[in-house]
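What the coordinates show
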Amino acid sequence: MRAGYTSSFSTKDSESGIMLDSKKGAKNLFSFDVNHKPNSITMRRHFYLFLIILVLPFYGYSQGSNIREDVFIHVNTKSLLVGETLQYTAFSLSRSTNKISPLSKFVYVELVGKEGVVYRKKHALNQGQGHGELFIPSHLNTGSYYLLAYTRWMKNFEDFAKSPLVIVNPYKGYEKIPSPDKQDISMTFAPLAGKIANGMKNKIAFQIKGSLNQTANDKGRLVDNSGKQLQELSWDQNGIGSFEFTPESGKDYQVILSDPNGQFSFFDLPNATSKRNGIFVEHSDGFLQIHLGTSLGKLKISHGDTEVFQKDINGSFPIKINRQDLPTDLLEITTWSTAGDLISTYHLSNNKPNVKPLSTSFGTREAVSIQEQLKPGKYSISVRKSFNMEKTKQHAIYSKILRSDEFVTPDIVDFGHLENWAALFGKKKSGTTVRSITYLPEYRGELMHGRITSKNGTTVQDKAVLLAIPNTSLNISGDLTDRVGNFSIEYETLNGEDLEAYVTVYDFADEYEIHLEDNFLATVPLLDFPPISLDSGFVEEITDRSIYSQLQNAYYSPDRDTSAASVIPLPILAFDDFEWHYELDDYTRFRTMKEHFVEYISRAGVVEKEINPFTLIPTSSPVDERIFEVPPLIVLDGVPVSGKEILAFSPYRIKSVHLLPERFFMNDFLFGGVLRFDSFEGSMGGFEALRNTLKINLAGASMANQNLINIDAEKIRNRRIPDQRIQLLWLPTLDVSEEGIQSVDFYTSDIEGDFELVIEGITDNGSPVSMIRKFNVKNTQDEKQ
């Protein structure tokens, strides 16, 4: 964050994006009323008041949790080889409700590794979804990476989502995992009820870090203080496991870990507390059975900030609840005393990945249609070959849990395992508590924030800062600076690519410097990039995948929808908006610019010695009537320039001059009309006197259109062309408006083996959905022969 910016609400109320859809009423952004001049300060105050009324009620609620955002990232794969393509969909969610968030219209995505940022892209969000893809270049090293995603608003709380990835470059060596050091072993305990309760059953989640792996020779056991073994322990590849036991008062307990070399590690469990703190949940497919340590008080179950279940506690009997009566999500159980004091908290999972193998196998190059029942919501779909390298998954149902800095992703697990993850990671830092807002949300358009400084120490308040795209039309947005020179410009790019742009302080009586703030993260977060382990069993798999990708890249180029790929902005002021037009070749050419205005450009006057030498005369007034009190906006090929410098410029490089001799309001500032110069080349004609101007590369936002089209069916049917696709389908966005059967259609390729159909999404009521369908593809042509 930039420390110099402390104002919470320094932006304007306008849709003055330089590239706005005409449906938004672009011409209404400006006023041409000669007789009316609005009070700039009053306009800004009105908007700030409106923004404060809009934001503060939410921000003050539960430390802003009601408008805190999260992002869930669905990727097509967690492991990639160079030459393959990473595809991803980002869902912007409300942290409170887990529903699609309406707060942000753009999401920022970065791929980072040990060497730093590898890839950055901004994506427009369409109803909370944005998507993109990245071809993995051959210069990347084998190692651990993260795909980060966040909105501008999330930067206020230092929040970001991350998806761990493994990238393998078979053409380069890689860092091997060093020999294990036994002293590196650590063990973390997380009672699911927050504390261990005496005299009742408890479930304890744990994570082991260090040299121990889950093999037949690695062992763990729980013992009491007499050395009696109570049970053996096991854990998954992430070192995560759990055990259940009933502690006795006056006894201590510890876990002993051992390896094949006979080395032991000892870890003491936290001391047990009063039984009243206990919560223990028994899971079945249809019901929950909740056992409580307290016999009086109240039981509550919450989904985010919404209470979904409440029951008085009166006795020691377990409470049975039908799962269908609760939201299918990560919930929170709390117990309360009769005085209203919180006793204990338990992270409850009422959701898990819906995993099911299909009974039918498919042939190579076969048209496949799989039917699935989906509730109303937003989804993305991937159909891809399964690989042994990709042992872990990351699903939408984990989106509320995985806010830790661990480079781990859960296996496909049951209700209980999800609760282990919630206990271990759900309570970790999930964002910074803030008392002031630095980054306003991009609620309608993209925002550019910056600050100007004066080289001569003059005031920087109320200076017009303009963002412009070079064009024969006028595509400009801007803002007035506050008392310390801060500005926030709202704009909108059209689908995608980076644009050449200019930022200008439109005050040429002084010299200014412009400092822009990057909407991407200023520094890479502190993340763990562990070396990866590639054993001999992966060699054949890596070799096959490398061949697949090379053949596929040689023969196939998927059809892409380019109909909306234009980066040319829609004009705000086009040719017809200007009232006077002068093609200089239609008149006598003179040696100086001034002579052209003196001789035949009658609606403009020139005072050569002034900083702002041009003035325009209203069309409704006689030519000799008093001119405007304020100077006009002067642009060359759409870029604001100094009137004094353009007056000294060669008129032989100017093709035409256009005038709008009416008062021209842009946001909070007023111009005495617009004077537009067009060069022959359309690229400023060699004009270099760009004072108080910063030339930038403006990052374009990829629009959330469906950019990936199905592979050409004719190529698939032509068996003379090899089809080595391992990604059979990537559907980044699917909007389901009514509950019912959805058809997932795709073609298989020449690749045989096990495949997975993965559907990830969020229902309209905020419930995460993770569906996995496993199926097999085999070459039926060989069987027929």
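Residues numbered from 1 in each chain as written. Predicted model: local features only at pLDDT ≥ 70, side-chain atom pairs only at ≥ 80, totals over all residues. Heavy atoms only, no water.

**Structural notes on the nonpolar core**
One finds Phe-597, Leu-633, Ile-646, Val-657 and Phe-677 to be the most contacted residues of the largest nonpolar core, which totals 42 residues. Residues in contact with Ile-646, not counting those within four places in the same chain, are Met-593, Phe-614, Ile-634, Leu-636, Val-641, Phe-677 and Phe-687. Counting residues in hydrophobic clusters, the runner-up holds 32 residues, among them Leu-86, Leu-111, Leu-134 and Leu-527. (Core = buried A, V, L, I, M, F, W, Y, C linked by side-chain atoms within 4.5 Å. Buried < 20%, exposed > 50% of the residue type's maximum accessible area, 1.4 Å probe, protein only. Contact = heavy atoms within 4.5 Å.)

**Thoughts on the sheet that holds strand 1 (residues 69–75)**
In spatial order, the strands read 1-3-6; together these three strands make up an open sheet with antiparallel pairing. The two strands at the open ends of the sheet, each matched to only one other strand, are strand 1 and strand 6 (129–135). Shown here is a sheet whose adjacent strand axes are inclined to one another by a mean of 25 degrees, direction ignored. Inspection of the sheet shows strand 3 (residues 85–94) paired to strand 6 by seven bridges, in the antiparallel sense. In the sheet register, Tyr-88 faces strand 6, and the bridge partner there is Gly-132. (Pairing = 2+ DSSP bridges. Helix = DSSP H or I, 4+ residues; strand = E, 2+ residues; numbered from the N terminus. Axes fitted to C-alpha atoms, helices over the stretch in contact; angles between N-to-C directions.)

**Some words on the confidence of the model for the protein**
Mean pLDDT for the protein: 80, with 78% of residues reaching 70 or above. Every residue in residues 558–571 is under pLDDT 50, and counting partners more than four places away or in other chains gives 38 contacts. (pLDDT = per-residue confidence, 0-100.)

**Considering the environment of Ser-380**
Tracing the sequence through the fold places Ser-380 in strand 26 (residues 377–385). Along the backbone, Ser-380 and Thr-733 are 353 residues apart, and their C-alpha atoms lie at a distance of 4.8 Å. Those residues in contact with Ser-380 that lie beyond four places of it in its chain are His-74, Thr-89, Phe-91, Leu-731, Pro-732, Val-758, Ile-759 and Glu-760. A polar contact is formed between the side chain of Ser-380 and the side chain of His-74, at a distance of 2.5 Å. (Polar contact = N/O pair within 3.5 Å; in protein donor to acceptor, adjacent residues only side chain to side chain.)

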